[in-house]
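Residue-level structural notes
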Amino acid sequence: MTRWVVIFDDNLEMLDVRRKFGAQHLDYLRANSARILIGGGLRKAPGEPFVGGLWVVEADGRDEVVKLVENDPYYHPEFRSFKILTWGKALEDRATTL
């Protein structure tokens, strides 16, 4: 299994999508928590509007990650772009408490 990072870049219209589909998006993250290990919104500074998001995913291949993104209620490509990168955790032997 490979670890991936998905970095989302939102435009201003995505804020309306977040308001409308926020509960469904969180349900989706919970339902896929075995693969989407960490997820959250990104802001330029605390308290400012969201400008994107980030996921850490474990999946067999990039196509699986793309399907996770495309099935998310937040998937509105006219308002949000994304890039997928493989990721290796430094100090792999250290546990992370979230």
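Fair warning: this is a prediction, and the values are worked out from it, not measured in the lab.

Take the packing of aromatic side chains next. Two aromatic rings are characterised by how far apart their centres lie and by the angle between their planes. This model, assessed by the stated rule, comprises 2 aromatic pairs. For the pair Phe8 and Trp55, a centre-to-centre distance of 5.1 Å together with 70° between the ring planes defines the contact as edge-to-face. Taken together, the residues Phe8 in strand β1 (residues 2-10) and Trp55 in strand β3 (residues 50-59) connect sequence positions 47 residues apart. For the pair Phe8 and Trp55, a shared accessibility class is recorded, and that class is buried. Note on Phe8 and Phe82: the rings are 6.3 Å apart at their centroids and 50° apart in plane angle, and the pair reads as tilted. Taken as a pair, Phe8 in strand β1 and Phe82 in strand β4 (residues 80-86) lie far apart in primary sequence, 74 residues in all. For Phe8, a relative accessible area of 5% puts it in the buried group. On the basis of relative accessibility, which here comes to 29%, the residue Phe82 falls in the partly exposed class. Taken together, Phe8, Trp55 and Phe82 form an aromatic cluster joined through their ring pairs. A cation sits over an aromatic face here: Arg43 above Phe50, 3.8 Å from the ring centre. The ring of Phe8 carries the charged tip of Arg80 above its face, separated from the ring centre by 4.3 Å.

Glancing now at the nonpolar core. Counting 14 residues, the largest nonpolar core has Val6, Ile36, Trp55, Val57 and Val65 as the members making the most contacts within it. Apart from the residues within four sequence positions on either side, Ile36 is in contact with Tyr28, Leu29, Trp55, Val56, Val57 and Leu68.

Let us now look at the sheet that holds β3. The strand order β2-β3-β1-β4 describes an open sheet built from 4 strands, whose pairing is antiparallel. The sheet terminates laterally at β2 (36-43) and β4, the two strands that pair on one side only. With strand direction ignored, the average angle separating the axes of adjacent strands in the sheet is 15°. Pairing geometry for β1 and β4, over 7 bridges, is antiparallel. Counterpart to Ile7 in the pairing with β4 is Lys83. Along the sheet face, helix α1 (residues 14-31) touches β1, β2, β3 and β4 and points at about 25° away from the line of β3. Running over the sheet, helix α2 (residues 62-71) touches β1, β2, β3 and β4 and is turned about 135° from β3.

Within the secondary structure layout, Asp72 lies in the loop between α2 and β4. Within the buried set, Asp72 has no salt-bridge partner at all; the shortest N-O distance to an opposite charge, 4.6 Å, is to Arg80. Residue contacts for Asp72: discarding those within four places in its chain leaves His25, Tyr28 and Trp55.

Using the criterion set out here, one finds 6 salt bridges in the structure. Across the salt bridge formed by Asp10 and Arg80, the nearest N and O atoms sit 2.7 Å from each other. Here Asp10 is found in strand β1, whereas its partner Arg80 is found in strand β4, with 70 residues between them in sequence. Neither Asp10 nor Arg80 differs from the other in exposure class; each is buried. With its nearest N and O atoms 2.6 Å apart, the salt bridge here joins Arg19 to Asp16.

Criteria and cut-off values
- Residues numbered from 1 in each chain as written.
- Predicted model: local features only at pLDDT ≥ 70, side-chain atom pairs only at ≥ 80, totals over all residues.
- Heavy atoms only, no water.
- Phe/Tyr/Trp six-rings, centres within 6.5 Å; stacked < 30°, edge-to-face > 60°.
- Helix = DSSP H or I, 4+ residues; strand = E, 2+ residues; numbered from the N terminus.
- Buried < 20%, exposed > 50% of the residue type's maximum accessible area, 1.4 Å probe, protein only.
- Lys NZ or Arg CZ within 6 Å of the ring centre and 35° of its normal.
- Core = buried A, V, L, I, M, F, W, Y, C linked by side-chain atoms within 4.5 Å.
- Contact = heavy atoms within 4.5 Å.
- Pairing = 2+ DSSP bridges.
- Axes fitted to C-alpha atoms, helices over the stretch in contact; angles between N-to-C directions.
- Lys, Arg positive; Asp, Glu negative; His and termini not counted.
- Salt bridge = Lys/Arg side-chain N within 4 Å of Asp/Glu carboxyl O.

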